[in-house]
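# Residue-level structural notes
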There are 2 protein chains.
Amino acid sequence: MKYCLMTKEQLVKEKEQLLISYDNLKSKHLKLDMSRGKPNSDQLDITAKVFKNIDCYSKRIYKDNFDIGNYGLFSGITEAKELFAELLDGNPEDIIIGGNSSLNLMYDMFSQLMMSGNQDSVRPWCKEEKIRFLCPSPGYDRHFAICEHFNIEMITIPMNEDGPDMDMVEAAVKDDDTVKGIWCVPVYSNPDGYSYKATTLERLAKMQTKAKDFRIFWDNAYFVHHLYSDKKDEIENMLSLCRQYHNDDRVYMFASTSKISFPGAGISAICTSKSNIQNIMDRMKIQTIGYDKINMLRHVIAFKDRDGVIKHMEKLAEVLRPKFEIVINTLDKEIKPLDIARWNTPLGGYFISFYAMEGCAKKIIELCKEAGVVLTSAGATYPYGKDPSDSNIRLAPTYPSDNELEQAIEVFVVCVKLATVIKMLGEIK
Amino acid sequence: MKYCLMTKEQLVKEKEQLLISYDNLKSKHLKLDMSRGKPNSDQLDITAKVFKNIDCYSKRIYKDNFDIGNYGLFSGITEAKELFAELLDGNPEDIIIGGNSSLNLMYDMFSQLMMSGNQDSVRPWCKEEKIRFLCPSPGYDRHFAICEHFNIEMITIPMNEDGPDMDMVEAAVKDDDTVKGIWCVPVYSNPDGYSYKATTLERLAKMQTKAKDFRIFWDNAYFVHHLYSDKKDEIENMLSLCRQYHNDDRVYMFASTSKISFPGAGISAICTSKSNIQNIMDRMKIQTIGYDKINMLRHVIAFKDRDGVIKHMEKLAEVLRPKFEIVINTLDKEIKPLDIARWNTPLGGYFISFYAMEGCAKKIIELCKEAGVVLTSAGATYPYGKDPSDSNIRLAPTYPSDNELEQAIEVFVVCVKLATVIKMLGEIK
């Protein structure tokens, strides 16, 4: 029965029963974590088998005619650029291969922009009175953390099924040169699992920006992270699209193998215009002796080409799919009939975005925590950690085992119901 | 015969003969590189054998009771900290393990100091009117490049056999709070190959600095890079020494395996105080998802402990020693009798520091280049690329094969003689 149709007495009774269930669950002293988008050990074991017998040491000279065991080849080995070019439908010469963390590439880019600006900046961003960034939300907490770290004001842009609200984006950038950029997770967005539609991409590529040094931070974190091989979200190469509209330098595209090979031991890439690459390399040559080329080779040997990556991802999806289904099925069964929340059913990525009744998210997460289930903190998916509706909860079903996940989601649904009933009974504001 | 005892006629004759030799060498169309401190392929082959059969994938849970294939363990795996602690005679808990480039750790530290300062700063360094750094010189060009990049004024401090001129250092830091730090390569310094004496370390650890946020950038790049197993320069742990003088936070120690395992595919470390580590981690947690833990494990398996590293370095030294000896022997034979230059005979590191007659370095390097031998650019070992005496030349004998090196040094000695004669004949200023 839908909660909204219940009488107060029915709600009170429901609450009593939920409290009994909740106390039961608490007495199990669970210790489960659905908070971060981490691969599980089954995925890592599959990948480990691929990497185990690779010899990237005996032969170290390939297409670049250069011993990759030594210093040099600053922007990465050609074979790794070709692999990412194939995956991103781009050109190898538009690519710099980075280290084990694309987040690090993004941070470094911000750091450079703050200290020096880019080739289109009037002055370093830190010398501007104010710098603002558009943050489609809910979004990725680590993106927002970078903005906060550098004292960049964040403007929340609603995230729709087809991407950020483009009317708002266009309006925000048109006449205001303090708006210097936008964060985008264009495929299987974190946490909603939405993928930008072609029209959204086009509007982003062609829109007028007052700030000449405006940049799109295109964090394509889940670009081949499909759950189903027959239903995939795929997008155009954003750099090509920007070039079509003569905004060549507008986008920094980022990608990595963190959730393809190993989180923390993968390789990353920036795909961007010639002029941006020059600007980045001018800093990189001061900053580092270059990134790990042996690990680049290791990945090239492991996956060979786009097909190799896609096939590997299909194996990982076999592990991930049941986990998403456990969550979705349980929500469908337990929560849907009550009509008290909604959630997305993504085709890929690492998250299920759950929207509780307004004002209930914090309480749900608190109740879960008390029962031993850690969720992403309330508000984490919004700038400054503040969800104006206190509604969104990012569920990360990938890390626990299927069995643990079943237990965790059992706790979650009880907490959702309980928090909602409490809210409805007016016991929380 | 010493050049200074020659008559003008003798010098003119010498020059004519040298020009004939030089033209002969030029006609060989050599293409040799003695410019950078790069390992040679024989060294890399030795290391490749060690790394080739390591399996760091099947078993991934060790002392930290944590799957190192996944996200997490932000400051690095315990075993890698223990390895560096043993090598640096320090404590694992004082160590953060970094990525493949200690230069990158140093750059990031500067970047953080510029943007935010450290825990002892009144304000971010970029908000100070002026920031100055002490640069013992000749020194490492990439250190100076970082200062230039961040607009930090460099103060040249003469480098003596026992370390930087400490009277000048103490005087510079005592009353001037714009002096925020000093670059140090304490063992087998780049390029002189000098190692700081105990008294130098002590004075650095205990000196009074006006700037509370003063820091020593202790780039211990060659800490186990001995050429001889019976004659080694070894120094005390600088952090321990600073602690003795209650200047716990004074030093950031850096080290890496770039020239132990693979340049670009090694691991790095920062060893510093608890409070500095906290300050660094506060930034790192925004900046990155952590460094490559699988590569850390790979190095731990490869070398096991200090002994393993030392034995490996002895094997590499067998390759390097003959190269240093080719250069030193040729200089002894060809240049010493002429009394026109001096050079160091280091016990380790990657360089031989050559001091030509004043005003000759640029000309020598130019002549070498025309004859197909690339040396480190003149002045590169001084702040702003300006050697006030135009005398120092950094010879990097490690990369060429023995045979190439013999040819390169043959060219070098002819160019040294020729440039000196020309200078003496007053043809150059």
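Residues numbered from 1 in each chain as written. Chains lettered and ligands numbered in written order. Predicted model: local features only at pLDDT ≥ 70, side-chain atom pairs only at ≥ 80, totals over all residues.

### Let's talk about the overall build of chain A
What counts is decided by this rule: By definition, any uninterrupted DSSP run of H or I lasting at least four residues is a helix, any uninterrupted run of E lasting at least two residues is a strand, and each is numbered from the N terminus. Only C-alpha atoms enter the radius of gyration, while the globule expectation follows 2.2 Å times N to the 0.38, with N the number of residues. The exposure label follows from counting other C-beta atoms within 10 Å of a residue's C-beta, where the C-beta atoms are placed from the backbone and the thresholds are 20 or more for buried and 12 or fewer for exposed, leaving partly exposed in between. Contact between residues is assigned whenever the C-beta positions, reconstructed from backbone atoms, fall within 7 Å.
When helices and strands are tallied, chain A shows 13 helices and 13 strands. For a compact globule of 429 residues, the expected C-alpha radius of gyration is about 22 Å, and chain A comes in at 23 Å, within 12% of that figure. Relative to its 429 residues, chain A shows a buried fraction of 55%. Taking the intrachain contacts of chain A between residues at least 6 apart in sequence as the baseline, contacts between residues at least 24 apart amount to 76%.

### Re the domain arrangement of chain A
Accessible area lost upon the coming together of the parts is a frequently used measure of interface size. All names here are of chain A. Selection criterion: Each domain's extent was defined by an automatic or database domain assignment. Amino acids outside the nonpolar list (Ala, Val, Leu, Ile, Met, Phe, Trp, Tyr, Cys, Pro) and the charged list (Asp, Glu, Lys, Arg) are all regarded as polar, and Gly is one of them.
For chain A, the assigned domains read domain 1 (3-44 + 310-424) and domain 2 (61-304). Put simply, the middle of domain 1 and the middle of domain 2, counted by C-alpha atoms, are 31 Å apart. Each side of the interface is counted separately: domain 1 has 26 residues, and domain 2 has 28 residues. Elements that contribute at least two residues to the side of domain 1 that touches domain 2 include exactly α11 (306-334) and β13 (392-395). Here the side of domain 1 that touches domain 2 gets eight residues from one element, more than from any other, and that element is α11. For the side of domain 1 that touches domain 2, a count of residues per class yields 15 nonpolar, seven polar and four charged.

### Some remarks on the relation of the copies chain B and chain A
Threshold: The copies were overlaid with a least-squares fit restricted to C-alpha atoms from residues scoring a pLDDT of at least 70 in each copy.
At an RMSD of 0.0 Å, chain B and chain A line up after a rotation of 180° and a shift of 0.0 Å along the axis. Such a combination of turn and shift is consistent with a two-fold rotation axis. Residue by residue, 100% of the interface of chain B is reproduced at the interface of chain A, so both copies engage with the same surface.

### Some remarks on the interface of chain B and chain A
Each partner contributes residues to the interface: chain B has 42 residues there, and chain A has 42 residues. Those elements giving two or more residues to the side of chain B that touches chain A turn out to be α2 (41-52), α4 (102-116), α5 (141-149), α9 (274-287) and α10 (293-303) of chain B. In terms of residue count, α4(B) provides more of the side of chain B that touches chain A than any other element does, six residues in total. Looking at the side of chain B that touches chain A, its residues break down into 20 nonpolar, 15 polar and seven charged.

### A word on the sheet that holds strand β13 (residues 392-395) of chain B
All names here are of chain B. Put simply, the test is: A pair of strands is labelled paired if DSSP reports no fewer than 2 bridges between them. Lines fitted to the C-alpha atoms define the axes, with helices restricted to the stretch that makes contact. Angles between their N-to-C directions range from 0 to 180 degrees.
The three strands lie next to each other as β10-β11-β13, forming an open sheet whose pairing is antiparallel. The open sheet has two edge strands, β10 (341-343) and β13, and neither has a second partner. For this sheet, the mean inter-axis angle between neighbouring strands, taken without regard to orientation, is 20°. Of the pairings in the sheet, the one linking β10 to strand β11 (residues 352-356) comprises three bridges and is antiparallel in character. Bridging from a neighbouring strand, Arg 342 pairs with Tyr 355 of β11.

### Regarding the sheet that holds strand β8 (residues 251-256) of chain B
Residue and element names in this part refer to chain B. With mixed pairing, the eight strands of this open sheet are ordered in space as β2-β9-β8-β7-β6-β3-β4-β5. Either end of the sheet is taken by a strand with one partner, and the two such strands are β2 (95-98) and β5 (163-164). Strand direction decides the pairing type here: strand β6 (residues 179-184) and strand β7 (residues 215-219), joined by four bridges, are parallel. Within the sheet, the bridge partner assigned to Gly 181 lies in β7 and is Arg 215.

### Concerning the environment of B:Ile393
Residues and elements named next belong to chain B. Within the fold, Ile 393 resides in strand β13. Look at Ile 393 and you get buried, because 32 C-beta atoms sit within 10 Å. Here the alpha-carbon distance between Ile 393 and Ala 317, two residues 76 residues apart in the chain, equals 23 Å. Those residues within four positions of Ile 393 in sequence are excluded, and the remaining contacts are Phe 354, Ala 356, Ala 361, Ile 364, Ile 365 and Leu 375.

### Brief notes about the nonpolar core
Using the following cut-off: Only buried Ala, Val, Leu, Ile, Met, Phe, Trp, Tyr and Cys residues enter a nonpolar core, and they are joined through C-beta atoms within 7 Å.
Counting residues in hydrophobic clusters, the biggest one holds 268 residues, and the most contacted among them are A:Met253, A:Ile364, A:Cys415, B:Met253, B:Ile364 and B:Cys415. The leading source of residues in this core is helix α13 (residues 402-424) of chain B, at twelve residues. Sequence-distant contacts of A:Ile364, defined by excluding residues within four places in its chain, comprise A:Ala356, A:Ile393, A:Cys415, A:Val416 and A:Ala419.

### Details of the pairing of β13(B)
All names here are of chain B. Both faces of β13 are covered, namely the face carrying Asn 392 and Arg 394 and the face carrying Ile 393 and Leu 395. Across four bridges, β11 lies against β13 in antiparallel orientation. Bridging across to β13, Ile 352 finds its partner in Leu 395.

### A word on unusual backbone geometry
Of note, the bond from A:Ser137 into A:Pro138 is cis; its omega dihedral lies within 30 degrees of zero at 5°. With respect to the secondary-structure elements, A:Pro138 resides in the loop between β3 (132-137) and α5 (141-149). Cis geometry is found at the peptide bond from A:Asn190 to A:Pro191, where omega equals 5°. One non-glycine residue with positive phi stands out, namely B:Asn65, at about 55°. The backbone phi angle of B:Tyr188 is positive, close to 45°, even though this residue is not glycine. Since 25 C-beta atoms lie within 10 Å of it, B:Tyr188 is described here as buried.

### Points about helix α7 (residues 198-206) of chain B
Counting along an α-helix, one turn takes 3.6 residues, and residues three or four places apart therefore face a common direction. Residues and elements named next belong to chain B. Rules: Note: the arc covers the axis-to-C-beta directions of the helix.
Every buried residue belonging to α7 is among Thr 200, Leu 201, Leu 204 and Ala 205, and all of these are buried. On an axial view of α7, the arc spanned by its buried residues comes to 130°, and they lie on one face. Exposed residues on α7 whose side chains face more than 90 degrees from its buried face are Ala 198 and Thr 199.

### What about the pairing of strand β4 (residues 153-160) of chain B?
Remember that side chains alternate between the two faces of the sheet whenever the strand is regular. Residues and elements named next belong to chain B. Counted only if it meets this: With its strands directed away from the observer, a crossover is right-handed exactly when the path from the first strand over the helix to the second travels clockwise.
Of the strand pairs in this sheet, strand β3 (residues 132-137) and β4 are connected by six bridges, and their pairing is parallel. Across the sheet, the residue bridging to Ser 137 is Pro 158, located in β4. In the classification by handedness, the crossover that spans β3, the intervening α5 and the parallel β4 is right-handed. One ladder, built from two bridges, connects β4 with β5; its direction is antiparallel. In the strand pairing of β5, Asn 160 is matched with Gly 163.

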